[in-house]
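# A structural walkthrough
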Amino acid sequence: MYDVLVLGSEGYLGSILVPYLAKKGYFITGIDKCFFGRNNSKKLKNYKLIRKDYNSLKEIFFKKFYFIIDLVNISNDPASELNPKFTNKINYLNKIKMIKKIRKCKNLKRYIYMSSCSVYGNNSKVINEKTNPAPISLYSKLCLKYEKKIIKNNYFSFTILRLGTLYGWSPRMRYDLAINKIIKDMIYLKKIEILGGEQQRFFCFNEFVCLAINQIIQDKKKYFLNKIFNLGVFNSNIVSLTQKIINLTKHKNVLVSHEKHNIDKRSYKVSMNSAKKFVVGKFNFNSYVSKSIIKCYKSIKRDKTPFDSKKITLNVYKDYLIKKKI
Ligand SMILES: NC(=O)c1ccc[n+]([C@@H]2O[C@H](COP(=O)([O-])OP(=O)(O)OC[C@H]3O[C@@H](n4cnc5c(N)ncnc54)[C@H](O)[C@@H]3O)[C@@H](O)[C@H]2O)c1
C-alpha cells in the first residue's frame, strides 16, 4: 500500500480524510502545526503525525511519498485578511518553496491540492472549469495564484480540486461554514439569521471529498491527471438552503430572520459535471445531499461544546497572531 503524506492533516478536512484513508490501508504521515490541536486519534493505525510547520521539512523528507495531499491554507476569508503577510507566506510563498523541494521525488505519483470554487467570485452564469476566475478575497486570490504556479512549473503530476463550501461533522469542527452554522444556530439558538440570502453558493459534503481523493489515488487510467475539477454536491441560494435544512431535519420552533444587507460578495452556481466524474455506478446526488444534511444535523445535535470559540477559524488565528506578536 502507498505512503501518503497529508499536509494539514489535523484540520477540518484532514481529520476526516486521515481515518478514511487509514481504513483503506494506506500508510499516512500527517504534517500539521496544530493550530486547532490534535484531532486525529492517537490510536489510529497506519498513521503518524509530525507536529511541524510544513515549511521546515527538508527535501529528503518528501522522497518516500507516492501521494501528497495538500490541505494547508488559512482557509477562511476573514481569518486570511487578519494579517495578509502571514497569509501570503502560508498559502503561497512557502508553498512555492515546497514544490521546489518535491520536484525531484521519483516516487511521487500525484500532488493533490485543495483549492476553492471561491476563485470564481461573483458570476451569474453556470460555472465550469473553463470559466474565467475572478477571485475577490485574498484567500481566493492566493488559491488561484498558487494553482497557476503548479501548472506553469510542471514539476510533477498534479490534480487540483476546487471545492465548494464544505459541510459535515469533523473532529475539528468549523461553525464558520454556512451549513454547519445554520444547523448549529437552529438547534442551539432556535434562530437562523440570513444576511442577503439571494447569493448562490456551491456546497460540498466533506465525506464526498474523501471519496474523490481516493478515486484520484486509484486513478490507474490517469483520468484526473494534471487537471482542475470543481467539486461539490449541490448549488443553492442561502434562503432556499435554510428552508431545505428545516424541512429535511423537521426541526421545530425555529425563528428565521432575514436581513437584506449582505457582506458576502461571492455568488456563483457551479456545473455538477465534474463531480459526476468521481462517482461510479448509480449515484443519486439528491438523496446523497438529503442524507448528508441529516447526518450533519444528528452529529451537531450531539456536540457538547457548540460555542467553543476554537470552532470559529478566525478566533484561533486572531489569538495566535496576538500571542506571537505577528
Ligand atoms: N472548508 C471549506 O469550506 C473549504 C472550501 C474550499 C476549499 N477548502 C480547502 O480545503 C483545505 C482544507 O480546509 P480545512 O477547512 O480543513 O481548513 P483547516 O483550517 O481546518 O485546516 C488546515 C490545517 O492546516 C494546518 N496548518 C496551517 N498552517 C500550517 C503550516 N504552516 N504548517 C503545517 N500545518 C499548517 C492547520 O493547523 C490546520 O489543521 C484548504 O486548502 C482549503 O483552502 C476548504
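Everything discussed here concerns the structure shown above.
Quick caveat: nothing in here was measured; it's all calculated off a predicted structure.

## Focus: the overall build of the protein
The number of helices and strands found in the protein is 10 helices and 14 strands. Its C-alpha atoms give the protein a radius of gyration of 19 Å, near enough to 20 Å, the size a compact globule of 326 residues would have. The buried share of the protein, reckoned over its 326 residues, is 41%. Taking the contacts inside the protein whose residues are at least 6 apart along the sequence as the reference set, 78% of them involve residues at least 24 apart.

## Points about the site of the ligand
Surveying the vicinity of the ligand reveals 28 residues, the closest of which are Gly8, Gly11, Tyr12, Ser75 and Leu166. Considered class by class, the residues forming the shell around the ligand number 14 nonpolar, 9 polar and 5 charged.

## Quick look at the packing of helix α3 (residues 84–102) against helix α4 (residues 138–153)
As a packed pair, α3 and α4 sit with axes 10 Å apart at the nearest point and diverge in direction by 10 degrees. With respect to their mutual orientation, α3 and α4 come out roughly parallel. Contact residues: α3 offers Pro84, Thr87, Asn88, Asn91, Tyr92, Lys95, Ile96 and Ile99, while α4 offers Leu138, Leu142, Lys145, Tyr146, Lys149, Ile150 and Asn153.

## A word on the environment of isoleucine 69
Looking at the secondary structure, you find isoleucine 69 in strand β4 (residues 67–70). Residue classification places isoleucine 69 among the buried residues on the basis of 28 C-beta atoms within 10 Å. Taking the C-alpha atoms as reference points, isoleucine 69 and tyrosine 111, 42 residues apart in sequence, are found 6.1 Å from one another. The residues touching isoleucine 69, leaving out its near neighbours within four places in the chain, are Val4, Val6, Leu7, Ile112 and Ile213.

## Digging into the sheet that holds strand β1 (residues 3–7)
Taken in spatial order, the 7 strands make up an open sheet running β3-β2-β1-β4-β5-β7-β11, and their pairing is parallel. Only two strands of the sheet have a single neighbouring strand rather than two, namely β3 (47–51) and β11 (227–231). Going from strand to strand, the sheet's axes swing by 20 degrees on average, the running direction of each strand aside.

Criteria and cut-off values
- Residues numbered from 1 in each chain as written.
- Predicted model: local features only at pLDDT ≥ 70, side-chain atom pairs only at ≥ 80, totals over all residues.
- Helix = DSSP H or I, 4+ residues; strand = E, 2+ residues; numbered from the N terminus.
- Rg over C-alpha atoms; globule rule 2.2 N^0.38 Å.
- Buried ≥ 20, exposed ≤ 12 C-beta atoms within 10 Å, placed from the backbone.
- Contact = placed C-beta atoms within 7 Å.
- Near = placed C-beta within 6 Å.
- Nonpolar A, V, L, I, M, F, W, Y, C, P; charged D, E, K, R; others polar.
- Axes fitted to C-alpha atoms, helices over the stretch in contact; angles between N-to-C directions.
- Parallel < 35°, antiparallel > 145°, perpendicular 65-115°, else oblique.
- Pairing = 2+ DSSP bridges.

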